[in-house]
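# Commentary on secondary and tertiary structure
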Amino acid sequence: MNSNIAFLELKYGNIYGGYPNFYAISEICLLVFEPDSKRIFIETFINNANVDFVSVFSKTDELGHTIGRVKEVVNMRTHRRKPFKEDYRLEDEDLQRVFKQLRPSKGPIRNFLVKNLRKYRFRDLVTFDGRRDLFLCERAGAKFDRYNIIDLQKDLNKETDYLFSLNKLAKVINFEHDRSYLRSNNLEYWLHPIADRQIVPRSAAYDAARLMMVHNEYKDHHDDFMMKAALLLNKIQQSKE
């Protein structure tokens, strides 16, 4: 049985001024971890379409607790950011032009997913609240029927009866990325320079790295993980009182 584990993370958002139920993929990261060798492989796709999309991220306190959500407008090609205006709407003709800009990225997204799902041998594919991530990948042409899909957020919710965010869990495990190493309470992994330079805060690769470290702490050091998770929740509760 192949023991390698893959972790999937996407960045996506609505087209700025477009339909609220249409999501465009900005980034994809597939991180593959080999437990036997402790090697980490990271494959990243960056969409270079000249399209503005709405990026939503959480503002957190020092405990990883969400204190607000921020929406900003990001251009996929230039990465320039500008303020989000709630009432901004594109005219239909302008929206069709944006769809035309997005169309050429469909093939590269599909090729990235198909190529890397074939390239690496693994059985377990871990996501975090990943239903929409999987849907968007499947819509692009990926097939996941031969994988064991694990949604770590759901598994933790069943065990703790609490819906953890990845930000909180990164605090639970004391996640660090420093000088070509990923570190947590009980784990340390060296990163090849090619993998290391892809791990940039707020990127899909950064979230995939955090997800892997959370998963491995949870599986390999379960009791310690659960104790530290309970301690963090107690601190959050105390800060509210």
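Everything that follows concerns the structure shown earlier in this document.
As the structure is a prediction and not an experimental result, all values here were calculated from the model. Counting restarts for each chain: residues are numbered from 1 in the order of the written sequence. Given that the model is predicted, a residue must reach a pLDDT of at least 70 before its local features are reported, and side-chain atom pairs must reach 80 or more before they are shown or counted; all residues, however, enter totals for whole chains, interfaces and linings. Each side-chain value is derived from all of the structure's non-hydrogen atoms; neither hydrogens nor water enter the calculation.

## What about empty space enclosed by the protein?
Condition: Two kinds of site are reported from a 1 Å grid over the protein atoms alone, namely cavities, where a 1.4 Å probe fits but cannot get out, and pockets, open sets with protein on both sides within 12 Å along at least five of seven lines, and residues are called lining when an atom falls within 4 Å of a point. Grid points are joined across faces, edges and corners, and a volume is the space filled by probe spheres set on the points. Secondary structure is summarised from DSSP: a helix means a run of H or I of at least four residues, a strand means a run of E of at least two, and numbering begins at the N terminus for each. Just so you know the grouping, Ala, Val, Leu, Ile, Met, Phe, Trp, Tyr, Cys and Pro go in nonpolar, Asp, Glu, Lys and Arg go in charged, and all remaining residues, Gly too, go in polar.
Taken as a whole and assessed by the stated rule, the structure comprises one cavity of 30 Å³ or more. Space inside the largest cavity adds up to approximately 30 Å³. Around the largest cavity sit Leu8, Ile28, Leu30, Phe112, Leu113, Asn116 and Leu117, which together line it. Those elements that place two or more of their residues in the lining of the largest cavity are strand S2 (23–34) and helix H2 (106–119). Looking at which element gives the most residues to the lining of the largest cavity, the answer is H2, with four residues. Residues that form the lining of the largest cavity fall into these classes: six nonpolar, one polar and no charged.

## Comments concerning the nonpolar core
How we decide: We define a nonpolar core as any set of buried Ala, Val, Leu, Ile, Met, Phe, Trp, Tyr and Cys residues linked to one another through side-chain atoms lying within 4.5 Å. Relative accessibility thresholds used throughout: buried, under 20% of the residue-type maximum; exposed, over 50%; partly exposed, between the two (1.4 Å probe, protein chains only). Throughout, a residue-residue contact means that at least one pair of heavy atoms, one from each residue, lies within 4.5 Å.
Formed by 40 residues in total, the largest nonpolar core has its most connected members in Leu31, Ile40, Leu182 and Met212. Elements supplying a minimum of two residues to this core: strand S1 (5–14), S2, strand S3 (39–46), helix H4 (152–160), helix H5 (166–173), helix H7 (204–220) and helix H8 (222–240). With 10 residues, H7 is the single largest residue contributor to this core. Those residues within four positions of Leu182 in sequence are excluded, and the remaining contacts are Ile40, Phe175, Glu176, His177, Leu187, Glu188, Tyr189, Leu191, Ile199, Ala209, Met212 and Met213. Core analysis: the next-biggest nonpolar cluster, separate from the first, contains 22 residues, Ile25, Leu30, Leu113 and Tyr120 among them.

## Brief notes about the sheet that holds strand S4 (residues 52–60)
Strands in a sheet are paired, the pairing made by backbone hydrogen bonds, and the direction either parallel or antiparallel. Put simply, the rule reads: Whether two strands pair depends on DSSP finding at least two bridges between them. Where helices are involved, their axes are fitted lines through C-alpha atoms of the stretch in contact, as for all axes, and angles between N-to-C directions lie from 0 to 180°.
With antiparallel pairing, three strands are arranged side by side in an open sheet as S4-S5-S6. Looking at strand neighbours, the two that pair on one side only are S4 and strand S6 (81–83), the edges of this open sheet. Each neighbouring strand pair of the sheet contributes to a mean axis angle of 40°, computed without reference to strand direction. Here S4 runs beside strand S5 (residues 66–75); their pairing, made up of nine bridges, is antiparallel. The partner of Asp52 across the bridge, within S5, is Asn75.

## Let's talk about the pairing of S2
Among the 12 residues in S2, 12 count as buried, and that is most of the element. The pairing of S1 with S2 spans 10 bridges and is classified as antiparallel. Looking at S2, one finds that Leu8 is bridged to Leu30. Between S2 and S3, which pair antiparallel and follow one another directly, the connecting turn spans four residues, one of which, Lys38, has a positive phi of 65°.

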